[in-house]
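Chain residues, written in single-letter form:
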Amino acid sequence: MSFKIKENVSWVGKIDWELRKFHGEEYSTHRGSSYNSYLIKEGKTALIDTVWGKFSGEFVENLKKEIPLEKIDFVIANHAESDHSGALPELMRHIPDTPIYCTSNGVKSLTGHYHQDWNFHIVKTGDKLSLGSKELIFIEAQMLHWPDSMMSYLTHDSILFSNDAFGQHIASERMYNDLVDQAELFQEAIKYYANILTPFSALVDKKIKEVLALNVPVDMICPSHGVIWRKDPLQIANQYLEWANAYAENQITIAYDSMWDGTRRMAEAIAKGIVEADPTVAVKLFNIARSDKNDLITEIFKSKAVLVGSPTINKGILSAVAAILEEMKGLKFMNKKAAAFGCYGWSGEAVKIMTQHLSSAGFTVVDEGLRAMWNPDTKAIEICIEYGKRVAGLFK
Ligand code: FEO
């Protein structure tokens, strides 16, 4: 499959309808994904990125239908991660001398992955590559989201090939933003940002402002996953600016795990108190062990505050709670408040442990948390409701 996105520019990637987990088992992809590769046929021909290695044979065979491989003058590797570079070994077997344009970190990453002595050409921000009457201009995008990442801009057609930035894990035969369900598109875009780009928000903000300051026309943004932004393409850049700056909606997420429902009942009572105190706030409850990790991270990203709950077990916390706290630490959320709660039978360390985790993850912990001994009785549930009312105020 291929399709033209401009007179001389074609999408030659792979739509992966089956994908349900990405980055090993780390990232859920309920709607599949695509690995977008683009072929530009001007006076000179350039191929931008490839696809995941498992599809390399199919990719190269399809590419041959578009162009004799030896007629490809330049390969542009915007990013070395395997989902975009994986077909390079198969492709380069046919055209071993064709130059590969990438950043200096790209050479390190590609060599580290494939251990091949390819004909690398290192580019920096502002470097241009003539394709005849049009040019590709390169923009380094270090740590968005790897050290090697870069974007490429095609003059005249005004296309920004942004690689992972602005991507979404969506498989669709309707590969443009104006043709897909907008709620699904927004959900996958924010999930992508929350789970992958959050730690780099300061760099996202800086880079997008740098690109916008170039004041060049942008007719399309072509990311390396999901649909192409052709209708109001800069909407996603402006949306990223919002997400990159301590994004929070009027939402409180209560994430917990429970052994015998005591901590769950606490969670529900706290939620009741919050809603009674502040009916405007959206309160969402998730049993961590039964929820999709990446969807939960997306909800935390959207929240102004999070309450984390676990009973005490073996003087510690339940493993699903420990896992999400570790994830939250790595993502470096900004400007979010938090507190912990949980029931216990005898030693009762869990709340203190979660409080410490939340604090070291960069959350502003508003108090020492709430514990309930044994199975919460009517009085303990009343205390939870009152606690919910109190944190509703502290989370404002
Ligand atoms: Fe960073 Fe889509 O790979």
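Scoring rules and cut-offs
Residues numbered from 1 in each chain as written. Predicted model: local features only at pLDDT ≥ 70, side-chain atom pairs only at ≥ 80, totals over all residues. Heavy atoms only, no water. Helix = DSSP H or I, 4+ residues; strand = E, 2+ residues; numbered from the N terminus. Patch = residues over 30% accessible without salt bridge, like charges linked within 9 Å, V, L, I, M, F, W, Y side chains within 5 Å. Areas by Shrake-Rupley, 256 points an atom, 1.4 Å probe, with all protein chains shown as cover. Salt bridge = Lys/Arg side-chain N within 4 Å of Asp/Glu carboxyl O. Core = buried A, V, L, I, M, F, W, Y, C linked by side-chain atoms within 4.5 Å. Buried < 20%, exposed > 50% of the residue type's maximum accessible area, 1.4 Å probe, protein only. Domains from an automatic or database assignment. Contact = heavy atoms within 4.5 Å. Axes fitted to C-alpha atoms, helices over the stretch in contact; angles between N-to-C directions. Parallel < 35°, antiparallel > 145°, perpendicular 65-115°, else oblique. Left-handed = near helix turned anticlockwise from the far one by under 90°. Expected span 1.5 Å × (residues − 1). Phe/Tyr/Trp six-rings, centres within 6.5 Å; stacked < 30°, edge-to-face > 60°.

Our next topic: unusual backbone geometry. Each neighbour pair has its own omega, and for Leu 144 with His 145 the value is 10°, a cis peptide bond. With respect to the helices and strands, the residue His 145 is situated in the loop between strand E13 (135-140) and strand E14 (150-154). If you check the backbone angles, Asn 163 has positive phi at about 60° while not being a glycine. Here Asn 163 shows up in strand E15 (residues 159-163).

Looking now at a nonpolar patch on the surface. On the surface, Trp 346, Met 373 and Trp 374 cluster together to form a nonpolar patch covering roughly 450 Å² of accessible area. Along the chain, Met 373 turns up in strand E22 (residues 370-373).

With that settled, consider the nonpolar core. Ranked by size, the top nonpolar core spans 88 residues in total, and within it Leu 91, Phe 166, Tyr 240 and Met 328 carry the most contacts. Of all the elements, helix H5 (residues 182-197) adds the most residues to this core, at eight residues. For this core, the two domains that each supply at least three residues are domain 1 (3-243) and domain 2 (252-394). Beyond its immediate stretch of four places on either side in the chain, Leu 91 contacts Leu 47, Thr 50, Val 60, Leu 63, Leu 69 and Val 75. Grouped together as the second largest cluster of nonpolar side chains are 27 residues, Ala 46, Leu 154, Met 175 and Cys 222 included.

Here we come to the side chain of Ser 10. Mapped onto the elements, Ser 10 comes out in strand E2 (residues 9-11). What Ser 10 contacts, discounting residues up to four positions off in sequence, is Phe 3, Lys 4, Ile 5, Ser 37, Tyr 38, Leu 39 and Glu 66.

Let's shift gears to the packing of helix H9 (residues 293-302) against helix H10 (residues 319-331). Two elements in contact, H9 and H10, have axes whose closest approach is 11 Å; the angle formed by their N-to-C orientations is 55°. It follows that H9 is oblique to H10 by the angle criterion. Note that H9 runs across H10; the crossing there is right-handed. When H9 is examined against H10, the residues Lys 293, Leu 296, Ile 297 and Ile 300 are found in contact with a partner set consisting of Ile 324, Glu 327, Met 328 and Leu 331.

With 16 residues, helix H8 (residues 262-277) extends 23 Å from end C-alpha to end C-alpha; this agrees with the ideal 22 Å at 1.5 Å per step. Those residues of H8 that sit buried are Gly 262, Thr 263, Met 266, Ala 267, Ala 269, Ile 270, Ala 271, Gly 273 and Ile 274. Its buried side turned inward, H8 meets strand E17 (251-256), strand E18 (282-287), strand E19 (305-309), strand E20 (337-344), E22 and helix H12 (378-394).

On inspection of all chains with the given rule, the structure shows 19 aromatic pairs. An angle of 50° between the planes, with centres 5.7 Å apart, marks the rings of Tyr 193 and Trp 243 as tilted. Placement of the pair is Tyr 193 in helix H5 and Trp 243 in helix H7 (residues 234-244), with a sequence separation of 50 residues. Neither residue differs from the other here; Tyr 193 and Trp 243 are each classed as buried.

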